[in-house]
Amino acid sequence: MGRVTARRPVVRITEHGTTRRPDSLAVEEPLEIRVGGRSLSVTMRTPGDDIDLVHGFLLTEGVIENRDDVSVVRYCDGVDESGANTYNVLNVVLAEGVPAPGGPERRFVTSSACGVCGKASLDQVRTRSRFPLSGNDLSVTAATLSSMPATLRAGQRIFDSTGGLHAAGLFTPDGALVALREDVGRHNAVDKVLGWALTQDRVPLSGSVLLVSGRASFELVQKSVMAGVPMLGAVSAPSSLAVDLALESGTTLVGFLRGESMNVYAGAQRVKIGA
């Protein structure tokens, strides 16, 4: 597996002058996802947990529903100038009877900043989940939600050395961190943690809270809906379309989750005030 951090020279300027030193950076490399040998997507990601990433991507794109829908995932041969394997191409063989995604509109390039830039239309983005949320009775106290960002931050191992990664974590309703993944792309971090849950037979995640370290975009709400997550929390702001989708899907969407305050944009019935 490729490195997740790299060292590069930097000139640091402070009030005391300038110094030259190496700095640790988060690695960003392309990952091509193939299904049955056919290229489906190229995403810019931080190497690591690629198998989880692919499972999560296929889940949130509506290609698969459970881990048994995937027969084989393997790295394809690919070498850099030194002859070392780059581990930047993964081929997925779907189980018998699982239809492969088709049509040119399902092949797209995603950056580390946006995962839906290549979608043919907004209608195609509104993928319908197999796991309805409207009747989900998950309940989480505001105090427990307030504790989650600190727990997430404490688990960000690569962020500590680079300061340049997003994180996504799955929590129990009582605030225990179940799984955490980091990536240069917020959508990749979410796909990694949801893909892990899929491989562990935890989907639908009807009793979980998904927390992201940045903002809540439309796409992240869609991904949580596709995995059956009833509550999505974000340290920063949601977008208007994210709120619309949360309301439409029955998702509880919490933004600006900082300290003891938060904004609940949808599904406030699941957030309990007091012990």
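Whatever comes next refers back to the structure up there.
For clarity, every value in this text was computed on a predicted model and none was experimentally measured.

Observations regarding the packing of helix α5 (residues 186-199) against helix α6 (residues 218-226)
Now for step 1: At a closest axis distance of 10 Å, the pairing of α5 and α6 adopts a crossing angle of 5°. On the basis of the axis angle, α5 is roughly parallel to α6. Contacts between α5 and α6 involve Arg186, His187, Val190, Asp191 and Leu194 on the former and, on the latter, Glu219, Leu220, Lys223 and Ser224.
Now for step 2: Within the contact of α5 with α6, the residues separate by chemical class into three nonpolar, two polar and four charged.

A closer look at the sheet that holds strand β11 (residues 209-212)
Now for step 1: The sheet built from six strands is open, its strands ordered β10-β9-β11-β12-β13-β14 with mixed pairing. Because the sheet does not close on itself, it has two edges, and the strands there are β10 (177-183) and β14 (261-266). In this sheet, neighbouring strand axes are inclined to one another by 20° on average, regardless of whether the strands run parallel or antiparallel.
Now for step 2: Taken strand by strand, helix α7 (residues 240-249) contacts β13 (252-258) and β14, and its axis lies near 65° from that of β14.

Quick look at the environment of Val70
Now for step 1: Here Val70 lies in strand β5 (residues 70-75).
Now for step 2: What makes Val70 buried here is its relative accessible area of 12%.
Now for step 3: With 12 residues separating them in the primary sequence, Val70 and Leu58 have C-alpha atoms 9.5 Å apart.
Now for step 4: When residues no more than four places from it in sequence are discounted, the contact partners of Val70 are His55, Ile64, Val92, Val93, Leu94 and Ala95.

What counts and what doesn't
- Residues numbered from 1 in each chain as written.
- Predicted model: local features only at pLDDT ≥ 70, side-chain atom pairs only at ≥ 80, totals over all residues.
- Heavy atoms only, no water.
- Axes fitted to C-alpha atoms, helices over the stretch in contact; angles between N-to-C directions.
- Helix = DSSP H or I, 4+ residues; strand = E, 2+ residues; numbered from the N terminus.
- Parallel < 35°, antiparallel > 145°, perpendicular 65-115°, else oblique.
- Contact = heavy atoms within 4.5 Å.
- Nonpolar A, V, L, I, M, F, W, Y, C, P; charged D, E, K, R; others polar.
- Pairing = 2+ DSSP bridges.
- Buried < 20%, exposed > 50% of the residue type's maximum accessible area, 1.4 Å probe, protein only.

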